[in-house]
Amino acid sequence: MPQASAVVLAASVHTAGGRPSALRALDQAWRAQPQDSPAALAYARAVFTLGFNEGDLRWFGSAKAALMPWWQATDLPADGYFMRGLVKQGFHDFDGGLQDIHQAITLNPERAEFWSWRFALHLLQANMGAARQDAEEIARRFGPQEGDIYSAVLAYRTGQALTAVQKLNASMRLPDYQDAASQVWIGFHLGEAHRVAQQPEQAIALWQRLLQAHPQSHLLRLSLADLLNQQGGFRQAKAVATAQATPSNSNLTDALLMQALLASRGLKAPNEAALAQQMAARLQSQALRQESLIERPKLIYQIAYGQDLAAGLALSIENWQQQKEPPDAVLFAQAALALNQARAAEPVVQWAQTTGYTDPQLAPLLLQLKAHPSWSKERP
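Residues numbered from 1 in each chain as written. Predicted model: local features only at pLDDT ≥ 70, side-chain atom pairs only at ≥ 80, totals over all residues. Heavy atoms only, no water.

S.K.: Hey, could you run me through the overall build of the chain in this one?
M.R.: Check the secondary structure of the chain and you find 20 helices and zero strands. In terms of overall size, the chain behaves like a compact globule, its C-alpha atoms giving a radius of gyration of 20 Å where 380 residues would be expected to give roughly 21 Å. With the principal axes as the frame, the chain shows a C-alpha extent of 60 × 45 × 45 Å. Across the 380 residues of the chain, 55% fall into the buried class. (Helix = DSSP H or I, 4+ residues; strand = E, 2+ residues; numbered from the N terminus. Rg over C-alpha atoms; globule rule 2.2 N^0.38 Å. Buried < 20%, exposed > 50% of the residue type's maximum accessible area, 1.4 Å probe, protein only.)

S.K.: How should I be thinking about helix H8 (residues 144–156) in this particular structure?
M.R.: Count 3.6 residues to each turn of an α-helix, and residues three or four apart come out pointing the same way. Between its terminal C-alpha atoms H8 stretches 18 Å, which fits the 18 Å expected from 13 residues at 1.5 Å a residue. Among all positions of H8, only Glu146, Gly147, Ile149, Tyr150, Ala152, Val153, Leu154, Ala155 and Tyr156 are buried. Of the surrounding elements, those touching the buried residues of H8 are helix H6 (112–124), helix H7 (128–142), helix H9 (161–173) and helix H10 (180–196). (Expected span 1.5 Å × (residues − 1). Contact = heavy atoms within 4.5 Å.)

S.K.: How should helix H16 (residues 296–304) be read in this particular structure?
M.R.: Burial analysis of H16 places seven of its nine residues in the buried class, the great majority of the element. Here H16 has its buried residues at Arg296, Pro297, Leu299, Ile300, Tyr301, Gln302 and Ile303. Among the structural elements, helix H14 (254–267), helix H15 (272–289), helix H17 (309–320) and helix H18 (326–338) are those in contact with the buried residues of H16. Following H16 by one or two positions, Gly306 has its phi on the positive side, about 85 degrees.

S.K.: Looking at this structure, how should I read the packing of aromatic side chains?
M.R.: Each aromatic ring pair is specified by the distance between its two centres and by the angle formed by the two planes. One pass over the full model with this rule turns up 13 aromatic pairs. A ring pair is formed by Trp320 and Phe332, whose centres lie 6.1 Å apart and whose planes are at 70 degrees; its orientation type is edge-to-face. Of this pair, Trp320 sits in helix H17 while Phe332 is found in helix H18, placing the two residues 12 residues apart along the sequence. Just as Trp320 is buried, Phe332 falls in that class too. Note on Trp320 and Trp351: the rings are 5.3 Å apart at their centroids and 85 degrees apart in plane angle, and the pair reads as edge-to-face. With Trp320 in helix H17 and Trp351 in helix H19 (residues 346–355), this pair connects stretches of sequence that are 31 residues apart. Of the two residues examined, Trp320 and Trp351, each falls in the buried class. An aromatic cluster is defined as three or more aromatic residues linked by ring pairs; in this entry it consists of Phe48, Phe52, Phe60 and Trp117. Between the NZ or CZ atom of Lys64 and the centre of the ring of Phe91, over which it lies, the distance is 5.0 Å. Sitting over the face of the ring of Tyr357, Arg157 holds its NZ or CZ atom 6.0 Å from the ring centroid. (Phe/Tyr/Trp six-rings, centres within 6.5 Å; stacked < 30°, edge-to-face > 60°. Lys NZ or Arg CZ within 6 Å of the ring centre and 35° of its normal.)

S.K.: I tried to follow the pattern of salt bridges on my own but got confused; where do I start?
M.R.: For side chains of opposite charge, pairing can occur when their charged atoms come near one another. For the structure shown, the criterion picks out 17 salt bridges. Linked by salt bridges that have partners in common, Arg45, Asp79, Arg111 and Glu113 make up one network. (Salt bridge = Lys/Arg side-chain N within 4 Å of Asp/Glu carboxyl O.)

S.K.: Can you help me understand the side chain of Glu272 in this one?
M.R.: Note on placement: Glu272 falls in helix H15. The buried charged residue Glu272 lacks any salt bridge, with Arg265 as its nearest oppositely charged partner at 5.2 Å. Here Tyr305 takes part through its side chain, which lies 2.7 Å from a polar atom of the side chain of Glu272. (Lys, Arg positive; Asp, Glu negative; His and termini not counted. Polar contact = N/O pair within 3.5 Å; in protein donor to acceptor, adjacent residues only side chain to side chain.)

S.K.: When you look at unusual backbone geometry in this model, what are you seeing that I'm missing?
M.R.: In terms of backbone geometry, most residues other than glycine have negative phi values and most peptide bonds are trans. Here Ala126, not a glycine, exhibits a phi torsion of approximately 60 degrees, which is positive. Here Ala126 lies in the loop between H6 and H7. The backbone phi angle of Lys268 is positive, close to 55 degrees, even though this residue is not glycine. Structurally, Lys268 can be placed in the loop between H14 and H15.

S.K.: Explanation requested: the packing of H6 against H7 in the structure shown.
M.R.: When two helices pack together, their arrangement is captured by the angle between the axes and the distance separating the axes. In contact at an axis separation of 8 Å, H6 and H7 are set at 160 degrees when each is read in the N-to-C sense. When the interaxial angle is binned, H6 and H7 end up roughly antiparallel. By crossing handedness, the relation of H6 to H7 is classed as left-handed. In contact with Ala112, Trp115, Ser116, Arg118, Phe119, His122 and Leu123 of H6, H7 contributes Met128, Ala130, Ala131, Asp134, Ala135, Glu137, Ile138, Arg141 and Phe142. Of the residues contributing to the contact of H6 with H7, the split by class is 10 nonpolar, two polar and four charged. (Axes fitted to C-alpha atoms, helices over the stretch in contact; angles between N-to-C directions. Parallel < 35°, antiparallel > 145°, perpendicular 65-115°, else oblique. Left-handed = near helix turned anticlockwise from the far one by under 90°. Nonpolar A, V, L, I, M, F, W, Y, C, P; charged D, E, K, R; others polar.)

S.K.: Mind showing me how you'd approach the side chain of Asn249 here?
M.R.: Looking at the secondary structure, you find Asn249 in the loop between helix H13 (234–241) and H14. Of the residues examined, Asn249 reaches a relative accessible area of 11% and is grouped as buried. Within the structure, the side chain of Asn249 is placed 3.4 Å from the side chain of Gln278, a separation counted as a polar contact. Beyond its immediate chain neighbours, meaning those up to four positions away, Asn249 contacts Leu257, Leu275, Gln278 and Arg282.

Nothing here speaks to function; it is all geometry.
As structure tokens, this is what we get:
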């Protein structure tokens, strides 16, 4: 699924119990009556949101376990379809997730979070027309202020980053969006719009400020560490990525561990080898368990870190069929160029041309792909 990076709208799901005691109570209620739909839905929502907000996607398995009695059901209430749709897309069943969320909207079209997630999944699949329709419907049903946020996200994903910066700056100052979830969500997208508009300093400053106020946000921490690494700020990137780490890094998500590894390589730090071994061990363990939750840390390890470019290109080709997001486009293009197989990344070039998307990382790669000698060769 989209990692915090990405376009998933964190503010659209609110945890049913943020405190450990509340989560324990929900867990106990579900385990006492696993066939009780309200108890199962409350627990599934809480653990899904916990996993999403903290970047620990193993919680998605707990959410799926709670929903298993209704996994094939065709007569769910709107909330049931919605939660099942969220969990399905968490396991990369994006079409199934969309179908369930569409059914939830059909049953209850006045729930803004249903529309928010459908917009996110349409954007993830590069269905810009459907995403635009969702944004327009959100504005009609829930007001122009709400609609402006979604139209701004769509703007920076379709080549209009400065327009997005203006709109999102205005949205962040509105009284209705001063709660923590809204500030993190809108702030993430504002930072992305700055980055896409070639204003990385503004993005870094914004995310640093927001992370100080919301240090538990995995979305902000990962986004900031990633951008700092892109900008060569390796020391800062490593500090951000590992700020809450245990000595063994056991509590770091795969995504944050990967950013720490990239930063250590940039610094030529002595612990690079140890971090690389930890990353390799995690990926091996996931392969043995046949987990399929999020591919980007593996792609970064294989491509950006250079561990296995051929495997990275193969995974990029497979991954692109399911989700089309800017970070994945960059990795796809990097692998194709490194292996002198520019034509393999033709889907990325077509996507960029169709959507109008560009950013400072991707733009030069697209030029290199089309100028590469292998680009003009006949397709296999």
